[in-house]
Amino acid sequence: MPKTSLYNMEGAAIGEVELSEELFAAPINTAAMHLVVRSILANQRQGTQSALTRAEVRGGGIKIYRQKGTGRARHSSNRAPIFTHGGVVFAPKPRDYRLSVNKKVKRIAMKSALTSKVNDNEIIVYNALDIENPKTKEMVKVLNAMNVGKALIVLSDKDEIVERAARNIPGVKTTLVSTLNVYEILKYNTLILTKDSVAKIEEVYA
């Protein structure tokens, strides 16, 4: 069973915490992670882009000059794509970019992402994040004690004090176990957990 150090908010190791082998020591499936990340990014796209084709643009109902004898190329409409104010070739239209991924693949990708963080020593587990005041400097002090830069802080339950203390720090984001996803785990250099959030992750995703 994998283990990692347990820290207090001053950055001192106060013990070890055992991690679920099923979640934090699983085989890494890069294909599953890639598919899930693609689906997350694709599902964020609005897909509302739109432009007019030559059939939809206003005007151009009459042949602009006779077919033969002018010495110029033959044209039927001044709304062809080569003209100013003409239509757009292969104009983009509203569409749904959504990709569906089955639950089994999502679970494999989540286990792979968590395992990769453990393997790369990019996971920090705190005993608790008991910040007294919702001040940015309080959270900066906690992060600097562990020399943390770009980080994702995973909370077991909503904690407004921690969220407010971290929200103005560039490259730092807070999220809940219930909304944790593979893309955010891989996006941030360090995954910060508490003992409570580790227990909840093991309860939800194991």
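Right above here is the structure, for reference.
Residues numbered from 1 in each chain as written. Predicted model: local features only at pLDDT ≥ 70, side-chain atom pairs only at ≥ 80, totals over all residues. Heavy atoms only, no water.

Core analysis: the biggest nonpolar cluster contains 30 residues, and Phe 24, Leu 114, Val 154, Leu 180, Val 182, Leu 193 and Ile 201 have the highest contact counts within it. For this core, the secondary-structure elements that each account for two or more residues are helix H1 (21–24), helix H2 (30–43), helix H3 (103–119), strand E3 (123–126), strand E4 (151–155), helix H6 (182–187), strand E6 (190–194) and helix H7 (195–205). When residues no more than four places from it in sequence are discounted, the contact partners of Leu 193 are Ile 123, Ile 124, Val 125, Tyr 126, Val 154, Val 198 and Ile 201. Listed in part, the 19 residues of the second largest apolar core include Ile 131, Val 148, Ile 169 and Val 172. (Core = buried A, V, L, I, M, F, W, Y, C linked by side-chain atoms within 4.5 Å. Buried < 20%, exposed > 50% of the residue type's maximum accessible area, 1.4 Å probe, protein only. Helix = DSSP H or I, 4+ residues; strand = E, 2+ residues; numbered from the N terminus. Contact = heavy atoms within 4.5 Å.)

With respect to the helices and strands, His 75 occurs in the loop between H2 and H3. What His 75 contacts, discounting residues up to four positions off in sequence, is Lys 63, Ile 64, Tyr 65, Ile 82 and Phe 83.

To continue, consider the pattern of salt bridges. It is possible for side chains bearing opposite charge to pair when their charged atoms get close. Under the counting rule described, the total for this entry stands at 6 salt bridges. One salt bridge in this structure joins Glu 184 and Lys 173, with 2.2 Å as the shortest N-O distance. On the criterion of sequence distance, the pair formed by Glu 184 in helix H6 and Lys 173 in strand E5 (residues 172–176) is long-range, its members being 11 residues apart. Glu 184 gets classed as buried once you look at its relative accessible area, which sits at 10%. Residue Lys 173 is classed as partly exposed on the basis of its relative accessible area of 31%. (Salt bridge = Lys/Arg side-chain N within 4 Å of Asp/Glu carboxyl O.)

With that settled, consider unusual backbone geometry. Of note in the backbone geometry, His 85 takes a positive phi value of approximately 70 degrees without being a glycine. Mapped onto the elements, His 85 comes out in the loop between H2 and H3. Even without being a glycine, Phe 90 presents a positive backbone phi close to 50 degrees. Within the element layout of this structure, Phe 90 appears in the loop between H2 and H3.

The 6 strands lie next to each other as E2-E1-E3-E6-E4-E5, forming an open sheet whose pairing is mixed. The sheet terminates laterally at strand E2 (13–18) and E5, the two strands that pair on one side only. Averaged over all adjacent pairs, the angle separating strand axes in this sheet is 30 degrees, with direction ignored. Across 5 bridges, the pairing between strand E1 (residues 3–7) and E2 is antiparallel. Within E2, the residue paired with Leu 6 across the bridge is Gly 15. (Pairing = 2+ DSSP bridges. Axes fitted to C-alpha atoms, helices over the stretch in contact; angles between N-to-C directions.)

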